[in-house]
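Here's the letter readout for the chains.
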Amino acid sequence: APGRIKIMRLLKLVPDDIDIRFMSFRKVFLTISALAVVASLALVFVKGMTFGIDFQGGILIEVRMPQAANLSQMRGQLGALGLGEVSLQEFGNPVDVLIRIGAQDGDAAAQQAAVAAVKDALGAGVDYRRVEFVGPKVSSELLIDGVLAVVVAIIAMLIYIWLRFEWQFGLGAVMALTHDVFLTLGMFSLLGLEFNLSTVAAVLTIAGYSINDTVVVFDRIREDLRKYKTKPVPDLLNDSINATLSRTLMTSLTTLVALLALFFLGGEVIRDFSFAMIFGILVGTYSSICVASPLLLYTNVAARARGTGDAKEAAETP
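Residues numbered from 1 in each chain as written. Predicted model: local features only at pLDDT ≥ 70, side-chain atom pairs only at ≥ 80, totals over all residues. Heavy atoms only, no water.

A.B. asks: Is there a simple way to explain the packing of helix 9 (residues 233-265) against helix 10 (residues 271-295) in this structure?
C.D. replies: How two helices sit against one another is set out by the angle between their axes and by the gap between those axes. Following both chains from N to C, one finds helix 9 and helix 10 inclined at 175 degrees, their axes separated by 10 Å at the closest point. The angle between helix 9 and helix 10 places the two elements in the roughly antiparallel class. The residue inventory of the contact of helix 9 with helix 10, partitioned by class, reads 16 nonpolar, six polar and one charged. (Axes fitted to C-alpha atoms, helices over the stretch in contact; angles between N-to-C directions. Helix = DSSP H or I, 4+ residues; strand = E, 2+ residues; numbered from the N terminus. Parallel < 35°, antiparallel > 145°, perpendicular 65-115°, else oblique. Nonpolar A, V, L, I, M, F, W, Y, C, P; charged D, E, K, R; others polar.)

This is the structure we're talking about:
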């Protein structure tokens, strides 16, 4: 038993008596977050997103060359085929190449003919590992459905938090959630990473993770609001965040360990998905503590959330 206690103490990332005054820096946190959201939106609208074939339409061919690929030579060979814009990208190692070709005019036969022309141009000895076709109509529908899925998820979470707590909690949670989504989109735009259906799945997963983290903090805040009727709200929020900080950081750390393994060992196919998840977990943890909770100070949350307090509260209130 003593050895087990020592191990548990070693695993604790945060001491039991920690007292970080988060609310003292709330204006700094909210200012940084607001600027980051504005910058992310500016990147998305000015620089744009690098949409994958799911949303852009066209032909995607993943090939493995017999030796290190000469991208300049391949670009010249494929460019001479008259298939429109051709994009080449090294995919994980020098022998793997990702070829993107714009959607061809015509039906499925026209797309198959384009693939056949590519195979003839590249010659023998090439391993064709993946061939995908997405038409422009399907790609536009997928983009609309992806955006709709994120919006519906956020609205559903707002309704849940509103019913589960109070509308002030719901507003704070959704603003923090929107903050996480916008920052993730801004990072993808900044780095030029491919935005596809896998990334939408990552964004939805980030939303679920972030709201779960926020609900844990909010549940403790609501409990303390009912228990301590006269304690100043900034002090109460600090105490609630500190009380759940160990759980928050431990959950985030264990999730990041798994995601880092996927990022470095999972291959190129899921690397962008893994990166989105890693970045989303980091900003989601930050927003649960430094965005969602401070916003409660500006919504007069104590007026309705507080009930009859504990008799000990008067003696414990500083």
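A.B. asks: Looking at this model, I keep getting lost on the sheet that holds strand 2 (residues 58-64). Mind explaining?
C.D. replies: Sheet strands associate in pairs through backbone hydrogen bonding, adopting either a parallel or an antiparallel arrangement. In spatial order, the strands read 3-4-2-5; together these four strands make up an open sheet with antiparallel pairing. In this open sheet, the two edge strands, each paired with only one partner strand, are strand 3 (86-91) and strand 5 (127-134). Mean inter-strand twist for the sheet, computed between neighbouring axes without regard to direction, equals 15 degrees. In this structure, strand 2 lies alongside strand 4 (residues 93-101), joined through six bridges in antiparallel fashion. (Pairing = 2+ DSSP bridges.)

A.B. asks: Can you help me understand the packing of aromatic side chains in this one?
C.D. replies: What characterises a pair of aromatic rings is the spacing of the ring centres plus the angle enclosed by the ring planes. Overall, the coordinates contain ten aromatic pairs when judged by the stated rule. Residues phenylalanine 29 and tyrosine 286 carry aromatic rings whose centres are separated by 6.2 Å and whose planes lie at 90 degrees to one another, so their mutual orientation is edge-to-face. A residue pair is termed long-range when its members are at least 10 positions apart, and phenylalanine 29 in helix 2 (residues 26-46) and tyrosine 286 in helix 10 qualify at 257 residues. Residue classification places tyrosine 286 among the partly exposed residues on the basis of a relative accessible area of 26%. Here phenylalanine 188 and phenylalanine 275 contribute two aromatic rings whose centre-to-centre distance is 6.3 Å and whose plane-to-plane angle is 55 degrees, an arrangement assigned as tilted. Of this pair, phenylalanine 188 sits in helix 7 (residues 167-191) while phenylalanine 275 sits in helix 10, and the two are 87 residues apart along the sequence. Looking at phenylalanine 275, the relative accessible area reads 21%, which means it is partly exposed. Clustering of aromatic rings is evident, with ring pairs tying together Phe51, Phe55, Phe188, Phe195, Phe275 and Phe279. The ring of tyrosine 128 is capped by lysine 119, whose NZ or CZ atom sits 5.1 Å from the centre of that ring. A cation sits over an aromatic face here: arginine 271 above phenylalanine 263, 5.4 Å from the ring centre. (Phe/Tyr/Trp six-rings, centres within 6.5 Å; stacked < 30°, edge-to-face > 60°. Buried < 20%, exposed > 50% of the residue type's maximum accessible area, 1.4 Å probe, protein only. Lys NZ or Arg CZ within 6 Å of the ring centre and 35° of its normal.)

A.B. asks: What is the right way to look at the nonpolar core in this model?
C.D. replies: Note that soluble globular proteins tend to have their nonpolar side chains buried in a common cluster. Formed by 52 residues in total, the largest nonpolar core has its most connected members in Phe22, Ile161, Phe169, Phe218, Ile221 and Leu296. Put simply, the parts of the chain that give this core at least two residues each are helix 2, helix 6 (136-164), helix 7, helix 8 (197-227), helix 9 and helix 10. For this core, the element with the highest residue contribution is helix 8, accounting for twelve residues. Judged by nonpolar contacts, the second largest core, of 17 residues, contains Leu83, Ile99, Ala114 and Val118. (Core = buried A, V, L, I, M, F, W, Y, C linked by side-chain atoms within 4.5 Å.)

A.B. asks: Would you take a moment to explain the pattern of salt bridges for this structure?
C.D. replies: Side chains that differ in sign of charge can pair as their charged atoms come close. For the structure shown, the criterion picks out 13 salt bridges. Of the charged contacts, one joins arginine 21 and aspartate 235 as a salt bridge, the two residues approaching to 3.1 Å between their closest N and O atoms. Placement of the pair is arginine 21 in the loop between helix 1 (2-11) and helix 2 and aspartate 235 in helix 9, with a sequence separation of 214 residues. Accessibility expressed as a relative area gives 26% for arginine 21, which makes it partly exposed. Here aspartate 235 falls in the partly exposed class, since its relative accessible area comes to 25%. (Salt bridge = Lys/Arg side-chain N within 4 Å of Asp/Glu carboxyl O.)

A.B. asks: Any chance you could explain helix 7 here in plain terms?
C.D. replies: Residue pairs three or four apart in sequence face the same way in an α-helix, which turns once every 3.6 residues. The terminal C-alpha atoms of helix 7 lie 36 Å apart, and with 25 residues this matches the ideal 36 Å at 1.5 Å per residue to within 8%. Glycine 192 occupies a position one or two residues after helix 7 and carries a positive phi of about 70 degrees. (Expected span 1.5 Å × (residues − 1).)

A.B. asks: Could you clarify how one ought to interpret the environment of isoleucine 155 in this entry?
C.D. replies: Within the fold, isoleucine 155 resides in helix 6. Classification of isoleucine 155 by relative accessible area gives partly exposed; the value is 46%. Residues isoleucine 155 and glycine 170 lie 15 residues apart in sequence; the distance between their C-alpha atoms is 9.9 Å.

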